[in-house]
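Take a look at the letters that make up each chain.
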Number of protein chains: 2
Amino acid sequence: MAHQEKATSGVEWRITLEDGSSKSLVPDAGPVSRIWAGLGGLIAGLVLKVREFLRRAWDIGVDDPRKVIHCLKVGMALTAVSLFYFMRPLYNGLGGNAMWAIMTVVVVLENTVGATIYKCSNRVFATTLAGFLAFGVHWVASQSGQEFEPLITGASVFILASATTFSRFIPSVKALFDYGALIFILTFSLVTVSGYRVDKLFDMACQRISTILIGTCLCLLVTLFICPIWAGEELHVLISRNMDKLANSLDGCVDEHFDYNDEHKDSDKQPDKKLLGYKCVLSSKATEESMAKFARWEPAHGRFNFKHPWQQYLKIGASMRSCACCVAALNSCIDSENQAPEFIKKHLSNICLKVSSSSSSVLKEVAKTIKTMKRSSSIELLVEEMSSAVQDLQHEIKSLPKLLSPPEVLHPESKETDDTTSTIHLLDVIPVVTLASLMIEISSRVQAIVETVEELAELAQFKGEVQEKEKQNQPNTNRIVASQLNDDQQTVKALERV
Amino acid sequence: MAHQEKATSGVEWRITLEDGSSKSLVPDAGPVSRIWAGLGGLIAGLVLKVREFLRRAWDIGVDDPRKVIHCLKVGMALTAVSLFYFMRPLYNGLGGNAMWAIMTVVVVLENTVGATIYKCSNRVFATTLAGFLAFGVHWVASQSGQEFEPLITGASVFILASATTFSRFIPSVKALFDYGALIFILTFSLVTVSGYRVDKLFDMACQRISTILIGTCLCLLVTLFICPIWAGEELHVLISRNMDKLANSLDGCVDEHFDYNDEHKDSDKQPDKKLLGYKCVLSSKATEESMAKFARWEPAHGRFNFKHPWQQYLKIGASMRSCACCVAALNSCIDSENQAPEFIKKHLSNICLKVSSSSSSVLKEVAKTIKTMKRSSSIELLVEEMSSAVQDLQHEIKSLPKLLSPPEVLHPESKETDDTTSTIHLLDVIPVVTLASLMIEISSRVQAIVETVEELAELAQFKGEVQEKEKQNQPNTNRIVASQLNDDQQTVKALERV
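Just so it is clear, the model here is predicted, and its values are computed rather than measured. (Residues numbered from 1 in each chain as written. Chains lettered and ligands numbered in written order. Predicted model: local features only at pLDDT ≥ 70, side-chain atom pairs only at ≥ 80, totals over all residues. Heavy atoms only, no water.)

A. How the structure looks around the overall build of chain A. Helix and strand counts for chain A stand at 21 helices and two strands. A buried classification covers 46% of the 498 residues belonging to chain A. Sequence-distant contacts in chain A: of pairs separated by 6 or more residues, those separated by 24 or more amount to 81%. Only carbon and sulfur atoms are counted for the fraction: they give 62% of the accessible area of chain A, which is about 25,500 Å². (Helix = DSSP H or I, 4+ residues; strand = E, 2+ residues; numbered from the N terminus. Buried < 20%, exposed > 50% of the residue type's maximum accessible area, 1.4 Å probe, protein only. Contact = heavy atoms within 4.5 Å. Areas by Shrake-Rupley, 256 points an atom, 1.4 Å probe, with all protein chains shown as cover.)

Next comes the structure, spelled out in structure tokens:
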């Protein structure tokens, strides 16, 4: 207590000292130089912050150069659309409405092809529909006389704006026409309300629609033909990369737990890498969903057909997240304070490492299947290896009591001793048993992942690896070929296993 | 088998009969009535679909009437802004630029107050900044002669559009000014490019900015004063509701596992409710983040100050997700095929139920703390209860071998029998041990949740429950009071604990 008080007064005293010293120093320097020093510090701080900001921006650019390319594409498209203003014949044709082209380009041009097409089609469709509807309302309003016109116009704006806004809350509408609903309200209000003052409404609407079409076409050209970034491709890569990450984090987490070598001293990055893995999987749901939403607007590109089963990727993502949840639980079990004694850990380390490595190699093979879009010829073998490793693990746990109790069993007459030691043993075994059953659970979830990927292979008609190399001697159907290994390969694998 | 065949042929026969009868019927009816019938079916199908759609929309509206109110607000604001067109003096003042007010209302008016303020401030700030910058560029361009003007304008549009688009990829910019960056590009291009043709650029810009200001103010008025929906309040409610859901799903999941009564036959909704709980928690990350993003734009409202620690809610959400992950693992352990024999389950059911019910009552108390924004006086007690239940569980597991082996221990001479039975016992125990250690893990994560909520209480200066009742005998500062129980209470606690 006294010590604490002393410390507090010490702090106060030092503060007083600093205050005093600053007071005795400042008059020497003069107020002008004080301001200069303050300004200098401020500017230095600002420069530092700006440099830090630019460095981070540079890192983002280096990390994913396609982002830079996207920015250049936006700049290019905008400059191109500005030409309409500079070229007199085009300007005369379109008039002041050319600004709609600029606005379209700014609002519609997105990072991925799918998002751009989604926005373009929504914009064109909604503008046209709203335009026609607004004409109808305007005609009705203009027929009903001077005093009713504002009333009818206002009421129609109110009703349609409310209804359309509400439709944006309905999931099926939101998924497909969220942006369209916004544009619908915008165009409808603008045209209906303008109709009250503008005489050549039809001309104006035509000009507006044509400029929007120009902007849309320009966006589509730019997004499709200059370094296109496909949402589908992104989703595909994201899923297979996350699968790899999950495999690595599973491996890393179990490895670290059973690693008794000096190696793990130099692996400072291990925990980071391991953590990143399953956390990336757990947090990528929103990205996956938006990618899948945009991917279905994309035409056939690269290896993907128009009707590529993008929804199946979401299922794979969900099964990966459920596996990542288990890895997270495993991770926290490993991090917890209750640790099994070394000799039990040592005894189980081999088989546990085998389960984790076989599970992660199944995951990696599945990731490869997705990446290459070819059915793997070895996946069944790997899954079998995994299940046999799991069975070995179960067997090993079964045999644990045998290993633990021999010394006590040799002296059966000492009943009390026996009892207490076996008690201790069961407690000791708990962390290992938990670890083992979590790993068994993980392997069953890995199996679920394999099944969802199998479904994807089915839906997207992935080709078999073998089928590509030797099509002639396989009279069977696709499915059997793909899931079957030829003999040579199996022999090689069997040798490798030995 | 024979029965099945019979049934199949029966079905076929009936199909043939129907075919035959339809063939004999249709010529009687003639092609016209066939078309009518087809059309009737089509219309009936369509009507059914529309009815289904409307029913779902109705459900959404009934579920959350504030969505309907938001829609009416949008309709109202749009109708109000349309008045500018109908009233001649206002129209003459603003001219055709009144459409910018409509556009602003459509684009800026969002569901929550925070989102609207975010968009409004971004729009006004970005428009003003871009307007001034565009004036500067226009001035430079106009000074540099006829042939350089388009060049300079084009180059500036290209550079600024690219740079601003890139800035949207930087997380710190994206969090605060994503929408502003878009508006900046839009306004800058429009003003710079228009400058080439429009003579009275300054007048136009002023009109535009004033109409945008009118739209913005209208949006702010509508969103702030007509049934405001606060993003912060939403986040607050979401977190406390999710906490309750997590507690219920933990309870439900363990209850169901140990429930031997006939009661669980009528609880058909149990699995649904239980699943919904932790899955809601796992999937609400994106919602939480966007709510927290918008909440910090909101002024003080209701029980929340301007600088309410919204970021802390994200931490609470993260700790809840990590707990939900464990509940998910627990759930799948319970669902797995390996089940402990009934007598072990029965033996442990009481203590397991105690751990789960104490954990869930801690969660519920924490949820109440958040809901009422008052420090709970009983939380410490509940946490202690939970830890003592966990200790009991650990103790119970420790005593499991004693319970299991007595018959064998009584005949120590039969070594083989002893060995095999103890083997079986360990295997039997695995599911229960896993369950128990997952529950211990869950309780430690519940503790982590309690800590994050404590931090929130500290940051947001929640008041104590008791403090409200008896303020007179507390001369200390708010903060110390809040983190301290008064002596009476502590005595009561100590008594209760004994």
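B. Focus on the UniProt feature "transmembrane region" (unreviewed entry) in chain A. Residues and elements named next belong to chain A. Mapped onto this numbering, the UniProt entry gives "transmembrane region" (unreviewed entry) at residues 98-117, 124-142, 148-169, 176-197 and 209-231. In the segment residues 148-169, helix accounts for 91% and strand for 0%; the C-alpha atoms at its two ends are 32 Å apart. Secondary structure across residues 209-231 comprises 78% helix and 0% strand; the distance between its end C-alpha atoms is 28 Å. (UniProt positions renumbered as here; feature names shortened; annotations may be inferred.)

C. The packing of aromatic side chains, seen in detail. Taken as a whole and judged by the stated rule, the model has 14 aromatic pairs over all chains. Here the basic side chain of Lys119(A) rests over the ring of Tyr179(A), its NZ or CZ set 4.8 Å away from the ring centre. (Phe/Tyr/Trp six-rings, centres within 6.5 Å; stacked < 30°, edge-to-face > 60°. Lys NZ or Arg CZ within 6 Å of the ring centre and 35° of its normal.)

D. Inspection of the environment of Gly215(B) at higher detail. Residues and elements named next belong to chain B. Structurally, glycine 215 can be placed in helix H8 (residues 201-225). Expressed as a C-alpha distance, the spacing of glycine 215 and isoleucine 102, which sit 113 residues apart in the sequence, is 6.8 Å. Excluding residues that lie within four positions of it along the chain, glycine 215 makes contacts with Ala101, Thr104 and Val105.

E. Layout of the environment of Lys279(B). One can find Lys279(B) in helix H11 (residues 270-283). Sequence spacing of Lys279(B) and Val327(B) is 48 residues, and the spatial spacing of their C-alpha atoms is 9.7 Å.

F. Region of interest: helix H13 (residues 310-335) of chain A. Helix length check: H13(A), at 26 residues, gives a terminal C-alpha distance of 37 Å against a target of 38 Å (1.5 Å per residue), a fit within 8%. Judged by how many residues are buried, H13(A) sits mostly within the fold: 20 of 26 residues are covered. (Expected span 1.5 Å × (residues − 1).)

G. Here's a closer look at the environment of Cys323(A). Residue and element names in this part refer to chain A. Counting through the fold element by element, cysteine 323 comes out in helix H13. Separated by 45 residues in sequence, cysteine 323 and tyrosine 278 place their C-alpha atoms 8.8 Å apart. Each residue touching cysteine 323, except ones within four places of it in the same chain, is listed here: Leu246, Ile442, Arg445, Val446 and Ile449.

H. Looking closely at the packing of helix H4 (residues 98-108) of chain B against helix H5 (residues 113-143) of chain B. Residues and elements named next belong to chain B. Two numbers describe how H4 lies on H5: the axes approach to 10 Å, and their chain directions differ by 140°. When the interaxial angle is binned, H4 and H5 end up oblique. Where H4 approaches H5, its residues Trp100, Met103, Thr104, Val107 and Val108 are matched on the opposing element by Thr116, Lys119, Cys120 and Arg123. A breakdown of the residues in the contact of H4 with H5 according to their chemical character gives five nonpolar, two polar and two charged. (Axes fitted to C-alpha atoms, helices over the stretch in contact; angles between N-to-C directions. Parallel < 35°, antiparallel > 145°, perpendicular 65-115°, else oblique. Nonpolar A, V, L, I, M, F, W, Y, C, P; charged D, E, K, R; others polar.)

I. A look at the pattern of salt bridges. All names here are of chain A. Under the definition given, this model contains 34 salt bridges over all chains. Where lysine 174 meets aspartate 178, a salt bridge forms, and the shortest distance between an N and an O atom there is 3.9 Å. Within this pair, lysine 174 and its partner aspartate 178 are both found in helix H8 (residues 171-195), separated by four residues, close to a single helical turn. Bridged by salt links that share partners, the residues Glu52, Arg55 and Asp59 form one connected network. (Salt bridge = Lys/Arg side-chain N within 4 Å of Asp/Glu carboxyl O.)

J. Just the side chain of Thr127(B), in detail. The residue Thr127(B) is located in helix H5 in this model. Non-local contacts of Thr127(B), meaning those with residues more than four positions away in its chain, are made with Ile183(B), Thr187(B), Ile209(B) and Ile212(B).

K. Expanded view of a nonpolar patch on the surface. Residues and elements named next belong to chain A. A grouping of Val32, Ile35, Trp36, Leu39, Leu42, Ile43 and Val47 is seen on the molecular surface, where their side chains present a nonpolar patch of about 760 Å² in accessible area. Structurally, isoleucine 35 is set in helix H2 (residues 31-63). Residue classification places isoleucine 35 among the exposed positions, given a relative accessible area of 56%. (Patch = residues over 30% accessible without salt bridge, like charges linked within 9 Å, V, L, I, M, F, W, Y side chains within 5 Å.)

L. View of the packing of helix H2 (residues 65-86) of chain B against H4(B). All names here are of chain B. Between H2 and H4, the least distance of the axes is 9 Å, while the angle of their chain directions is 175°. In terms of axis orientation, H2 runs roughly antiparallel to H4. Contact residues: H2 offers Ala77, Leu78, Val81 and Tyr85, while H4 offers Ala98, Met99, Ala101, Ile102, Val105 and Val106. In terms of residue class, the contact of H2 with H4 is made up of 10 nonpolar, no polar and no charged.

M. Geometry of unusual backbone geometry. In the Ramachandran plot, Gln461(A) falls in the positive-phi region, its phi being about 50° despite a non-glycine side chain. The topology assignment puts Gln461(A) in the loop between helix H18 (415-459) and strand E2 (463-464). Residue Gln461(A) is classed as exposed on the basis of its relative accessible area, which comes to 65%. Even without being a glycine, Cys227(B) presents a positive backbone phi close to 40°. Along the polypeptide, Cys227(B) turns up in the loop between H8 and helix H9 (231-258). A relative accessible area of 43% means that Cys227(B) is categorised as partly exposed.

N. Local environment of the confidence of the model for chain A. Residues and elements named next belong to chain A. Residues at a pLDDT of 70 or more form 74% of chain A, whose mean pLDDT is 76. Across residues 261-269, where pLDDT falls below 50, the model places one contact with residues more than four positions away in sequence or in other chains. Taken together, the stretch residues 471-498 has pLDDT below 50 and engages in 24 contacts with residues farther than four places along the chain or on a different chain. As scored by the predictor, the complex reaches a pTM of 0.77 and an ipTM of 0.76. (pLDDT = per-residue confidence, 0-100.)

O. Main features of the side chain of Thr223(A). Residues and elements named next belong to chain A. Along the chain, threonine 223 falls in helix H9 (residues 201-225). By relative accessible area, which is 0% here, threonine 223 ends up buried. With residues up to four places along the chain from it excluded, the contact list for threonine 223 reads Lys73, Leu109, Glu110, Thr112, Val113, Thr116 and Pro228.

P. Molecular detail of the state of the cysteines. Within this structure, the stated rule accounts for zero disulfides over all chains. Looking at the unpaired Cys352(A), the closest cysteine sulfur is the one in Cys253(A), lying at 11 Å. Residue classification places Cys352(A) among the buried residues on the basis of a relative accessible area of 0%. Sulfur of Cys326(B): no disulfide; nearest cysteine sulfur belongs to Cys323(B) and is 6.7 Å away. (Disulfide = S-S within 2.5 Å.)

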